[in-house]
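# Results of the structural survey
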Amino acid sequence: MADGDGKTGLKDKIKETNEKLWGSQVVEAILRPGSPFKKGYSDSPRNRSYVVMNNVLYHLHPVKVKRHGVKLSYTLCLGGLSFFLFILLTITGIFLMFYYTPSAEAAYTDIQALSTNVAFGTLVRNLHRWGAHLMVLSVFLHMSRVFYHGAYKPPREFNWVIGVLLLFLTLFLSFSGYLLPWDQLALWAVTVGTNMAGFIPVVGGQVKFALLGSLEVSGATLLRFYVLHVLAFPFILVLFLAVHFWRVRKDGGISGPL
Amino acid sequence: MTEIPESLLRRSAEAKAKALGVPVEQVLAEMKGEGPPIEVPASDEGAVSPLSDEPSPGASAGQADAASADAADEQVEEAVSPRSEEQAEEAVSPRSEEQAEEAVSPRSEEQAEEAVPPAAVATIVEDEQPLAEVDGSGNDKLAAVVSPRPSVPPAGTPEGVRTARLLTVVKARAIQTVKAEPTDKVNTWPHLMLMEFGALLAITGLLVIMSVIIFSPLLDPANVNSTPNPSKAPWYFLGLQELLSYFDPQIAGVTVPTITGIIGFMMIPFVDKNPSTRPSDRKFAILLYSMFMVGAGTLTLIGVLFRGRGFNFTYPWKDGIFFDDLKDWVDFE
């Protein structure tokens, strides 16, 4: 469209570029049919279905959910929040890994350097730590919510069992991360915790030794806890998470109202 | 199209042959689409008026109309009520736009008409086309009954001879029986997902504010030779540590976690055989769990707040709080 002086208006130019961009083959290839970001998306029941169905989201959510499930007061989003916190912890954890060496000599100074020399280092470390505590809390509250709704009853028994495993994995993840700053708090908290493992009948000594990699908490323990924390536990957790989410969908979605 | 049983076809052909006065084989061949159309003997106009007391095309069309409306009704019901959750979702898949729309939206009269236009069905009856080509299993059966009948009463039929007769009544019914009742549902997008996004933003906001205000503790470097007093486990294990100060480690450190963790939690669905999910029906289960919650919470709180040097009992307002996790936030001591 032309202005009074014959020049194309900036607004029109932006609009034109926008249309060209969103109509381009690249964008078309990225977005699946029914994506709300696609050019010409219109809000219709059919497209609302497509948004979920033609999307990776379909693994997590059905096209439609029971109306009561949308009420915040029913689920409080606790399961979803636990998952989101896990993602947040993974992101902040990757950031922290860039600045951290899992050795008894370097670990503590690395944390100090992270807090003082690295941009946003303190913030990310705080996010990681409080996020972890919050995740333990939200997983526990999620379990309580499920219990009070009786949502573990058939056919959801097995998913409850997986959920309990996920709670333990969350605790182990948090606990293994506790040692990594290698300060007095970390060392002695883990000493107290691993001492409990030593009381297991028959195999207690072996379990404790396997965890510590030595007779006491040492540099070997630090390396073990580091590998468990950044690799082993998250890996197992993700596997169980996948089964957990899949079973939620297959066992009939979120449970019925009280 | 469903195969019409030979016996039915034969009976129908016999009736038609009798009425027209032609050999049965010829009629049968015509019905099967193998023979030429039967030449109806010519007769004078008005001998049998189309609107006589005999079943006329109009009447039969009306009949078919009612029947097809019934069938349409049935079919819409089938489309509306989800057979099962998964199937309902599949119904939304792009087989046909109209079908998807119907499967999602509640039942209405216009849609009943939209699904199978009764007028169209009636027309087809008059055209003597196999109805089954229209669609639907219900109509299929209906067609099997209706189609072998001549639409026009043959001229020259003696008075009182009924040319059309009812072979059988097949109630149009879905092949699958519908068991699930339709439930009140909303689209995940946008209703649920906006809610989730809101929750996500809220927790991120909370966490960022927390992280700006409260700093993670970093005490002195780890030193195996200097035990801090008290030394406490992370808060989620403090309940256990509290138990350790009362009981033998075999009980507090091993038996209790194993029983609560493995037996107490994982076995819950297999121990609790009560099928009801109503709180009033499961008072005992709720009581047990609440007791656990209160117990664990109390022990943890005691461990966090009321344990001082040597893990001895203290009052936080007297000696301060010995909880290093929050050390850098509030200087308790």
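Here we summarise the structure given alongside this text. Everything numeric here is computed off the predicted structure, so don't read it as measured data. (Residues numbered from 1 in each chain as written. Chains lettered and ligands numbered in written order. Predicted model: local features only at pLDDT ≥ 70, side-chain atom pairs only at ≥ 80, totals over all residues. Heavy atoms only, no water.)

### A few points about the overall build of chain B
Summing up its helical and strand segments, chain B has 14 helices and one strand in all. For chain B, the computed accessible surface area is about 19,500 Å², with 60% contributed by carbon and sulfur atoms. (Helix = DSSP H or I, 4+ residues; strand = E, 2+ residues; numbered from the N terminus. Areas by Shrake-Rupley, 256 points an atom, 1.4 Å probe, with all protein chains shown as cover.)

### Observations regarding a nonpolar patch on the surface
Residue and element names in this part refer to chain B. A surface patch of nonpolar side chains, about 570 Å² in accessible area, is lined by Ile 259, Ile 262, Ile 263, Met 267, Phe 270 and Val 271. Contributing elements (two or more residues each) for the nonpolar patch: α11 (249–266) and α12 (268–271). Sort the elements by how many residues they give to the nonpolar patch and α11 lands first, with three residues. Looking at the secondary structure, you find Ile 263 in helix α11. (Patch = residues over 30% accessible without salt bridge, like charges linked within 9 Å, V, L, I, M, F, W, Y side chains within 5 Å. Salt bridge = Lys/Arg side-chain N within 4 Å of Asp/Glu carboxyl O.)

### Regarding helix α10 (residues 235–244) of chain B
Here α10(B) lies mainly inside the structure; eight of its ten residues are buried. Looking at the buried residues of α10(B), the elements they touch are α7 (121–148), α8 (157–178) and α9 (184–197) of chain A together with α11 and α13 (283–305) of chain B. (Buried < 20%, exposed > 50% of the residue type's maximum accessible area, 1.4 Å probe, protein only. Contact = heavy atoms within 4.5 Å.)

### Quick word on the interface of chain A and chain B
Contacts between the two partners involve 80 residues from chain A and, on the opposite side, 81 residues from chain B. Taken together, both faces of the contact between chain A and chain B bury some 7,800 Å²; the carbon and sulfur share is 70%. The tally of links between chain A and chain B comes to two salt bridges. B:Asp272 is paired through a salt bridge with A:Lys153; the nearest N and O atoms lie 3.3 Å apart. If you look at where chain A meets chain B, you find 32 residue pairs in polar contact (both at pLDDT 80 or more). Secondary-structure elements contributing two or more residues to the side of chain A that touches chain B are α3 (45–53), β1 (64–66), α5 (78–97), α6 (107–116), α7, α8, α9 and α11 (219–250) of chain A. In terms of residues, the side of chain A that touches chain B owes the most to one element, α7(A), which gives 17 residues. Looking at the side of chain A that touches chain B residue by residue, the class counts come to 54 nonpolar, 13 polar and 13 charged. (Buried area = accessible area lost by both parts, 1.4 Å probe. Polar contact = N/O pair within 3.5 Å; in protein donor to acceptor, adjacent residues only side chain to side chain. Nonpolar A, V, L, I, M, F, W, Y, C, P; charged D, E, K, R; others polar.)

### Description of the nonpolar core
Counting 39 residues, the largest nonpolar core has A:Met135, A:Phe147, A:Trp160, A:Leu237, B:Leu207 and B:Phe265 as its most contacted members. Of the residues forming this core, the biggest block, nine residues, is contributed by α7(A). Those residues in contact with A:Trp160, other than ones at most four positions away along the chain, are A:Met143, A:Val146, A:Phe147, A:Tyr152, B:Phe265, B:Met266, B:Ile268 and B:Pro269. A:Leu185, A:Val190, A:Leu212 and A:Phe225 belong to the second-largest nonpolar core, a separate cluster that totals 31 residues. (Core = buried A, V, L, I, M, F, W, Y, C linked by side-chain atoms within 4.5 Å.)

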